[in-house]
Amino acid sequence: MHRSASRLTRILACAAVPVMLVVAGCSSDSGSKKGSDGSSSSAPGAKKSVAALEPAKFAELPDPCKAISAKTITSLVPKAKSKAGSPATSSDTSVRAGCSWNGLDDNGVKGSQYRWLDVGFTRFDSDQALGTGAKRAGDDFTKQLAKTRTAEGAKKITEAPVSGIGEQATKVTYDLSKTGEDFKYATIVARTGNVVVTLTYNGAGYAGAKTPSGADILKDAEKAAKEAVAAVADANANADDKQSSPSASPSKSAKSSN
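If you're wondering where the values come from, they're calculated on a predicted model, not measured in any experiment.

Cut-off values and rules
Once a new chain begins, its residue numbering starts again from 1 and follows that chain's sequence as written. Note on the predicted model: pLDDT of at least 70 is required for a residue's local features to be given, and 80 or more for side-chain atom pairs to be given and counted; whole-chain, interface and lining totals, by contrast, use all residues. The side-chain figures draw on all heavy atoms in the structure; neither hydrogens nor water molecules are used. Only runs of H or I of at least four residues qualify as helices and only runs of E of at least two qualify as strands under DSSP, and these elements are numbered from the N terminus. Partly exposed describes any residue whose relative accessible area lies between the buried limit of under 20% and the exposed limit of over 50%, with all areas from a 1.4 Å probe on protein chains only and scaled to the type maximum. Whether two residues touch is decided by their heavy atoms; if any such pair falls within 4.5 Å, the residues are in contact. For accessible areas, the Shrake-Rupley method is used with a probe of radius 1.4 Å. Any residue's cover is judged against the shown protein chains and nothing else. Each aromatic pair joins two rings of Phe, Tyr and Trp (for Trp, the six-membered one) with centres within 6.5 Å, and gets the label stacked for planes under 30 degrees apart, edge-to-face for over 60, and tilted for any other angle. Here, a charge over a ring is recorded when the distance from Lys NZ or Arg CZ to the ring centre is within 6 Å and its angle to the ring normal is within 35 degrees. The disulfide definition used here is simple: a pair of cysteine sulfur atoms within 2.5 Å. With a 1 Å grid spanning the protein atoms alone, the term cavity applies to any set of points in which a 1.4 Å probe fits but cannot get out, the term pocket to an open set with protein on both sides within 12 Å along at least five of seven lines, and the term lining residue to any residue with an atom within 4 Å of a point. Grid points are joined across faces, edges and corners, and a volume is the space filled by probe spheres set on the points. Just so you know the grouping, Ala, Val, Leu, Ile, Met, Phe, Trp, Tyr, Cys and Pro go in nonpolar, Asp, Glu, Lys and Arg go in charged, and all remaining residues, Gly too, go in polar. For salt bridges, the criterion is a side-chain nitrogen of Lys or Arg within 4 Å of an Asp or Glu carboxyl oxygen.

**Q** Break down the overall build of the chain for me, citing the residues and quoting the values.
**A** On a plain count of helices and strands, the chain comes out with five helices and nine strands. Helices and strands appear in the chain in the N-to-C order α-β-β-α-β-β-β-α-β-β-β-β-α-α. Across the 258 residues in the chain, those meeting the buried criterion constitute 34%. Counting only contacts in the chain whose residues sit at least 6 apart along the sequence, the fraction spanning at least 24 positions is 56%. Only carbon and sulfur atoms are counted for the fraction: they give 55% of the accessible area of the chain, which is about 16200 Å².

**Q** Describe the packing of aromatic side chains, with residues and values.
**A** Taken as a whole and assessed by the stated rule, the structure comprises five aromatic pairs. Geometrically, the ring pair formed by Tyr114 and Phe183 is edge-to-face, given 6.1 Å between the ring centres and 70 degrees between the ring planes. Within this pair, whereas Tyr114 is found in strand 5 (residues 112-123), its partner Phe183 is found in strand 8 (residues 181-192), the two being separated by 69 residues in sequence. On the basis of relative accessible area, Phe183 is assigned to the buried category, the value being 2%. Grouping aromatic residues by their ring pairs yields a cluster made of Tyr114, Tyr174, Phe183, Tyr185 and Tyr206. Seen from the ring of Phe183, Lys178 lies directly overhead, with NZ or CZ sitting 4.8 Å from the centre.

**Q** Give a description of the state of the cysteines that names residues and reports values.
**A** Counting across every chain of the model gives one disulfide. Cys65 shares a disulfide with Cys99; S-S distance 2.1 Å. Handedness of the Cys65-Cys99 disulfide follows from its S-S torsion of about 100 degrees: it is right-handed. Here the residue Cys65 occupies a position in the loop between strand 2 (40-41) and helix 2 (70-76), and Cys99 occupies one in strand 4 (residues 96-106), the gap between them amounting to 34 residues.

**Q** Would you mind going over the environment of Lys57 in detail, with residue names and values included?
**A** Relative to the helices and strands, Lys57 resides in the loop between strand 2 and helix 2. Remark: the alpha-carbon pair of Lys57 and Asn236, spanning 179 residues in sequence, is separated by 9.2 Å.

**Q** Pulling in residues and values, what's your account of the layout of surface pockets?
**A** The computed volume of the largest pocket comes to approximately 260 Å³. Residue lining of the largest pocket: 18 residues in total, with Asp118, Val119, Gly120, Phe121 and Thr198 positioned closest to the centre. The set of elements that each furnish at least two residues to the lining of the largest pocket consists of strand 4, strand 5, helix 3 (133-149) and strand 9 (195-206). No other element matches the six residues that strand 5 contributes to the lining of the largest pocket. For the lining of the largest pocket, the class distribution of residues is seven nonpolar, eight polar and three charged.

**Q** Pulling in residues and values, what's your account of the pattern of salt bridges?
**A** One side chain can pair with another of opposite charge once the charged atoms of both are near each other. All chains considered together, the criterion is met by six salt bridges. For Lys135, the salt bridge identified is with Asp139, shortest N-O distance 3.0 Å. In this pair, Lys135 and Asp139 both sit in helix 3, four residues apart, roughly one turn of the helix. Residues Asp175 and Lys184 are paired through a salt bridge, measuring 3.1 Å at the closest nitrogen-oxygen approach. Here Asp175 falls in the buried class, since its relative accessible area comes to 14%. It is possible to trace a salt-bridge network through shared partners that takes in Lys57, Glu167 and Arg191.

Structure below.
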């Protein structure tokens, strides 16, 4: 009887071992790994959230025909047909806008001087699929330069970076013959934040008048480009002032709630 009881005790003890091992195994399988400090770490296959893009710096474009001062227009295009300029056609002037001026300064028997000035603005918003506004503007900056380099009929093309105009700027100068006269061209392509500014200035002498100096054309183009770039910041500063002004008119939603 004593021998049977001892044998039964041994059987029950052995039978209990697998049960304990199974319980221990199940309790260690929690679906997450613990570090040496006991903290849990996420599973290797967990998806990372998409990082938010840096917002575009500028939300507005300036009035292109007011981006360059009247004083500068008078200096660069003395006899402009319209001092107010001719706005470019655009379906959305908050994204793309431009303006141009041209005029012939007739000096009678001394000949005439022709001048033409054009400025264009293109703004890019940040887009999750396309990148930040600044990156997209940088890509367009490169495209605009490529277009300028390949101007049809251009001769003696030179290109160099320009300092002090936006975050990056490049000047391109060249000669071009048309209407039987020799024209001097200067184009400044600049980027400020998420906006690309492309300014072109050219001139020629008619009826025996002297062809303008390429250096003078470039100097005037750089001056106008600086004003155009500054106008972008001014336009957005003014927009911020209007939004923060206590006298600003209430929104439509605010009106409808009254």
